[in-house]
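Fold and geometry: a report
The lines below spell out each chain.
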Amino acid sequence: MDSQSDVDSLEELDEVEPKSKSRRRGRGRGAAKPQTTPQTVPSTRPRRSKAAYEENESVIIPAPVDSSSNWQQEASRQGSPVHGSRETQEKPGITPKDMFAAVLSAKTAMVTVVDEWLDSYKQDREEGLRVLINFIVMCCGCQVVVTKRMLDNMDNATIISRLTKDFKEVSGNYPLCSTEAKWKRFNENLREFVRVLVRSCENGLLYDDNLFSVLLPLLTSLSDSQVRAFRHTSTLLAMKLMTGIVDASVKVSARLQTTTRHYEIEITKPVQHQDVARLEDLQNTITQLRENREELTVMTNSTFSGVFVHRYRDIVPEIRAICIQELGTWVMHNPGCFLDDQYLKYLGWILYDMEGSVRLQCVRVLQCLYQEKDFIGRLEMFTSRFKERILSMALDKELDVAVEIMKLLLLIYQQTEGGLTDTDCDHLYHMVFASNRGLAAGAGTIVYNIWKRKAAGELQRADQDDTKVFFQSLVTFYMQSEFHEHGSYLVDSLWNAPELRDWNTMTSLLLQESGLQYEEEGALIELMICAIRQAAEAKPPAGRDVGKKVLSKKDQQSQARDRMRITNHFIPVLPQLLAKYSADATYVSRLLDVPLYFDLETYSSNGQLDKYLDLLLEQMCDIVMKHTEASVLEACACLFISLCSEQYTFYARSKTAISRLLDSLTDRLNPLVSNVLEGTADEDDLYGAATALTKIAALSRSFNITGLQLLDPCLQLLKKGVKSADMNKQLMVPALHTAASHLFWTKGQVLDSSSPAVMEQVNKAVKSFYKVSEKCLFSNQAEIRDKAFELLCDLLLLYSKYMVGTQSDLKMISCSFPQTLQTEMSGFLVDFIFTNPEDDEFAEESEELKLAAVQRKRNQLAGYCKLIIFGVLDLKAATDVFKYYDKFYNNFGDIIKLFLNKSKLIDPVESAKTVCLCLQQLFTELRPTENTGREFEEITALARKHAMSLGVNLQRIQEPLQALHNHKGRNKGEKQTVEGGTQPTILLFLEILSEFSSKVLRQNRTHIIAILNAGCSKAALSWPSVRMYHRSLNTCKSSPMQPKLRRPTSPGPALGSESSISFPSMVKSTLLNGSEVGAPSSPLPSNLGCPAFSSTVLRAEPTKLLSLDEDGHISETGSEEDFSEGSLMHNVNTQSLQHDSDLSNLDSHMLTILSLIDEDEEEPTIEDFDDSEEGQATIEDINSTINSGCGHTQSTSTYQPSTRSSFLEDLF
């Protein structure tokens, strides 16, 4: 708006203003003379008596009942009139609705809106002021209209009281905090409106006796309202008004300074040359400017003390944030007044605010202040007073605040001398290892600046280089830190430092003879490899990923340039590094990772670098011959795989080199193996055979070893080792790996040539390997049995019918799963995977070994689950996995959960039967010890967890539920007479089944209860387990939120030490006969066998079975032969039970009851089953946790059990 359009002077307004309205000028400038101390502008409106007010009160338009949405409706009805008395009708000109609509839509420039209101205000001051006040009320979300009579007869407190009374605020949803799309820019537009208003008034109306002297007290009173909408909106308007006033004050001060200088220049002239008229004008201007400045000072002081001092500690975080943001603006715009401790103290206090967003706003304000070098001297007191708090906020629970604090600390360090001492910096060093990338990068920038400042003092000597000093500091810091295995985190934190891409300096430090110490060389190699990886892959290390980030075209070009620089530099230098560190296994294994980040096509495209390929292959062969460490051999194997890829033109040269290496190792191995088989080998022969086999086994990943004819020698070594009492693990483990690798490669060759003779030979070899591996499963040496189990999981899948498919000519190579091997693998699962930590052999070892042991077990469990999912093992073999779902949930819960979901996709009915079978097995394994109660609760908890995994779609799971309750495994029982009125032991299983009650549909529960009441004897209904089961059904039916029922504490018969109960047929007959076991019933069909002990520890002790005799008593029968060691699920020959004709009808009723049992509905969450598409993923998803079936088994896996992104989260 052009300044000429404004009111040029107060005298011009006097001509426009009617004389009848002059009585209101008493509240203007004369009543608010400048004062030196902050003072709130008081309200001077005259008060009238209550009777006079009631007589002349105007009509107030109240808001509708639903005021929370009324202001939104009103915003859409732009220009609609407000009905009321004649005084409420707006005069021609801009209206509050027009202004509100313009601010809301932002389709009209704020300058235009302000100009229109100013024109209206010049025509009628009181009417224009009322329009502005009503506009403010509308911005608060209130539709009450402030009338002229209210302004004349009420003070601010009374007006606000009436507004509050009629503004029935239902919720906190008002324009400034609304999340709807149309209100998205309302906050910004309102700020712009206030800014333009003050700027348009700064030449005249800002010093008016009517406008700001009324507006500021009204906003001050509104900011003290109990209504959040009033308080929030008025605080924003008041703070923005004060910002505009501060800006105007700065302009007035600058103009006053300029005018004063002109006056001084004019007054210093000789008297004869002085311009008296100019001096008089300058003197009048100086006087007027001083009065304006004093008046602006009074307004700022009153607003600060009336609004800011109270609202900076408001309960609403948004209000506190507005105050702090505007305070920072005042300090930046007028540092002469506000850059003082009496104002800066508020910033320091807000650093302790409990709301993260407020602390964040305060930190950003401080960043702006510390960026100004002119402010640093006046911030010294603030820095010394609040530095401790700022340092502690580096560990703020809000990561955004901690990241910004790092930037603030960097500014303090850069802008001040001694602002951060060495002790202060020590608190920040470890932050470079934080898991949050922004926080770590901020700490890395601080550390880099600290090193650069220290290096500046060391560069006084001529023999020092800036980059070398940096690497010396980096290596020293890395070695002295407590996180020696997290070099990639340190490199990522310092990635903005250009020195980390200086490959020439790194390699020169490593190649010079008298440069670094041995430990320092190892640290520099580790950091160099981490820097190479990050430059080549252009992504942060694991744990610092910020999601799937697609590289931009610029980043991709930068990545390609970095990778080419790495390739061109390290191709000629790497052979020199390998030659120097060839004797050190640790350093060599890391250096062999460097070519994996090359652009390997450069070897053939650049003729000058072609010779270095032969040199690299030669050195790799020498390294394989020198070292036997697994890390070195694995690194060589990975590099050979890359070099032998057919996408490169030089792959034939790489295959030739590895072929020669393998031939050399085979020639050395064959005579040694002969000596071992003949029994004439000494210790040197055993060691030589073991080392040669270890190297061949490692290289078998990258090269086909079937031509070496090592399968038969390896099998013979394994058979000899199995027969001997003491197995040599150094020889047995590589022999197992080599034999399995031979069979892996053979499968691929058989697919190419399907000769029947070859297939038969392969089939025999696979069966021989199965037999040998079966004997190794329970070796006393963990390395042998673990390797045998892992290789068996891969081979059983590779040579299964699933992998052969429908090709009839390849069915000869598919091997059936031997029953004895199935039993042994199940026993391995129970005895060596699902073991307590205190019983593990690594119980007293370091945490690293314990984590490695858990990871190995996870890999083995995933391999076993893979066999069941792909149909190699029957689904009932999953009982040994399902029964440990709850007990070992921390270590294996994610694998078992995924496996359980996959089994439901394969066959939901059979999966439910398997769950029932695992519960029966656990129930039969109970012993009459003092821990029986705790063990029973564990079974109940397991049943509850399985019930939760069924999901929430009750219609879909009814069929699996019926299968679960219809299924019964019947074992024979020992003879036991049930005394009258005493509950039989078998009925305790009803308490376990009651955990599934909530999953039964409501109509089925009613049917169950009716049949239960009609079909059970009175004695049976009084037994504790039956009562609990009955109450669980009633609880689910009537009150789902009722607390979960506990097992009755009334005494019952103890479980027999060798009992194995029939479920649910035994339960059924017992319920029908009451005091004693009733007549036997006919067997129910079942596809699953009865419960069996698959643990070898339990299998070593003969187990007695239970059955029913003709009199209905439990009798002991069977013998040890009934438990065949050749089957996984020991099927027991169940005697045929005859049906009593008198009980046939009730028998069918009880079967219906047991087919509908389920768990309580009061489970708070369903956390073990995913109904989404992600939970219905294909079977191949489980392969992410195990090695590929056609690949080669490794002892470790990349599937980590830890749920943390890094070990460094413990820091915070």
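Computed from a prediction, not measured in an experiment: that's the story for all the values here.

Moving on, we get to the overall build of the chain. The number of helices and strands found in the chain is 50 helices and zero strands. A burial count over the chain gives 54% of its 1212 residues as buried. In the chain, once contacts between residues fewer than 6 apart in sequence are set aside, the share between residues at least 24 apart is 78%. When the accessible surface of the chain is split by element, carbon and sulfur atoms take 49% of a total near 54,500 Å².

This part is about helix α31 (residues 683-699). Over its 17 residues, α31 extends 24 Å from the first C-alpha to the last, a length consistent with the 24 Å expected when each residue adds 1.5 Å. Within α31, twelve of the 17 residues are buried, which leaves the element mostly enclosed by the surrounding structure. Taken together, the buried positions of α31 are Asp685, Gly688, Ala689, Ala690, Thr691, Ala692, Leu693, Lys695, Ile696, Ala697, Ala698 and Leu699.

On inspection of all chains with the given rule, the structure shows 39 aromatic pairs. Between the NZ or CZ atom of Lys945 and the centre of the ring of Tyr885, over which it lies, the distance is 5.7 Å. Seen from the ring of Tyr889, Lys945 lies directly overhead, with NZ or CZ sitting 4.2 Å from the centre.

In most cases, non-glycine residues show a negative phi, while peptide bonds are predominantly trans. A positive phi angle is found at Ala538, which is not glycine, with a value near 55°. Mapping Ala538 onto the fold places it in the loop between α24 (518-537) and α25 (553-580). Non-glycine residue Gln709 carries a positive phi angle of around 55°. Exposure remark for Gln709: the relative accessible area of 59% places this residue in the exposed category.

In this model, helix α16 (residues 356-370) (15 residues) spans 21 Å end to end at C-alpha, consistent with the 21 Å of a helix rising 1.5 Å per residue. In terms of burial, α16 is a largely internal element, twelve of the 15 residues being buried. For α16, the full list of buried residues reads Gly356, Val358, Arg359, Leu360, Gln361, Cys362, Val363, Val365, Leu366, Gln367, Leu369 and Tyr370. If you follow the buried residues of α16, they end up packed against α13 (317-333), α15 (341-350), α17 (380-392) and α18 (399-415).

Before going further, it helps to examine the packing of helix α29 (residues 630-643) against α31. Put simply, α29 and α31 touch, their axes get as near as 8 Å, and they point 35° apart. Read as a crossing pair, α29 and α31 show a hand that is right-handed. Where α29 approaches α31, its residues Leu633, Ala637 and Phe640 are matched on the opposing element by Thr694, Lys695, Ala698 and Leu699. In the contact of α29 with α31, the residues fall into five nonpolar, one polar and one charged.

This paragraph deals with the pattern of salt bridges. Tallied over the full model, the rule gives 38 salt bridges. The partner of Glu202 in a salt bridge is Lys251, and the shortest N-O contact between them spans 3.2 Å. You can see Glu202 sitting in the loop between α9 (186-201) and α10 (211-222) and its partner Lys251 sitting in helix α11 (residues 228-267), a full 49 residues away along the chain. Its relative accessible area of 46% is what places Lys251 among the partly exposed residues. A cluster of three or more residues bridged by salt bridges with shared partners is formed by Asp224, Arg231, Arg311 and Asp314.

Core analysis: the largest hydrophobic core is formed by 315 residues, its most contacted members being Phe193 and Met825. Here this core gets 13 residues from one element, more than from any other, and that element is α11. Among residues more than four places away in sequence, those in contact with Phe193 are Met99, Val103, Met110, Val113, Val114, Leu132 and Phe135.

Structurally, the position occupied by Glu995 is in the loop between α44 (989-993) and α45 (1002-1015). Given the relative accessible area of 5%, Glu995 is considered buried. Here the side chain of Glu995 touches Arg944 through a polar contact of 3.2 Å, side chain to side chain.

To continue, consider a positive patch on the surface. Residues Lys719, Lys720, Lys723, Lys767 and Lys771 make up a contiguous surface patch of positive charge. Ranked by residues supplied to the positive patch, first place goes to helix α32 (residues 711-723) with three residues. Locating Lys719 in the fold gives a position in helix α32.

What follows is about the side chain of Gln367. One can find Gln367 in helix α16. If we ignore the near neighbours within four places in the chain, the residues touching Gln367 are Glu404, Lys407, Leu408 and Leu411.

What follows concerns the packing of helix α5 (residues 110-123) against α9. Remark: α5 packs on α9, axes separated minimally by 9 Å, with the N-to-C direction vectors making an angle of 55°. Classified by the interaxial angle, the pair formed by α5 and α9 is oblique. Considering how the two elements wind past one another, α5 and α9 form a crossing that is right-handed. Across from Met110, Val111, Val113, Val114, Trp117 and Leu118 in α5, the residues of α9 making contact are Asn189, Glu192, Phe193, Val196, Leu197, Arg199, Ser200 and Cys201. Residue composition of the contact of α5 with α9, grouped by class: ten nonpolar, two polar and two charged.

In this section: the environment of Thr259. Along the chain, the position of Thr259 falls in helix α11. Thr259 sits in the buried class, given a relative accessible area of 9%. If we ignore the near neighbours within four places in the chain, the residues touching Thr259 are Leu282, Thr285, Ile286 and Leu289.

The next point concerns the environment of Arg533. Following the sequence through the fold, Arg533 ends up in helix α24. Spatially, the C-alpha atoms of Arg533 and Val594 are 8.2 Å apart, while their sequence positions differ by 61 residues. Each residue touching Arg533, except ones within four places of it in the same chain, is listed here: Ala538, Lys539, Pro540, Pro541 and Tyr597.

Cut-offs used in this document
Residues numbered from 1 in each chain as written. Predicted model: local features only at pLDDT ≥ 70, side-chain atom pairs only at ≥ 80, totals over all residues. Heavy atoms only, no water. Helix = DSSP H or I, 4+ residues; strand = E, 2+ residues; numbered from the N terminus. Buried < 20%, exposed > 50% of the residue type's maximum accessible area, 1.4 Å probe, protein only. Contact = heavy atoms within 4.5 Å. Areas by Shrake-Rupley, 256 points an atom, 1.4 Å probe, with all protein chains shown as cover. Expected span 1.5 Å × (residues − 1). Phe/Tyr/Trp six-rings, centres within 6.5 Å; stacked < 30°, edge-to-face > 60°. Lys NZ or Arg CZ within 6 Å of the ring centre and 35° of its normal. Axes fitted to C-alpha atoms, helices over the stretch in contact; angles between N-to-C directions. Left-handed = near helix turned anticlockwise from the far one by under 90°. Nonpolar A, V, L, I, M, F, W, Y, C, P; charged D, E, K, R; others polar. Salt bridge = Lys/Arg side-chain N within 4 Å of Asp/Glu carboxyl O. Core = buried A, V, L, I, M, F, W, Y, C linked by side-chain atoms within 4.5 Å. Polar contact = N/O pair within 3.5 Å; in protein donor to acceptor, adjacent residues only side chain to side chain. Patch = residues over 30% accessible without salt bridge, like charges linked within 9 Å, V, L, I, M, F, W, Y side chains within 5 Å. Lys, Arg positive; Asp, Glu negative; His and termini not counted. Charge placed at Lys NZ, Arg CZ, Asp CG, Glu CD. Parallel < 35°, antiparallel > 145°, perpendicular 65-115°, else oblique.

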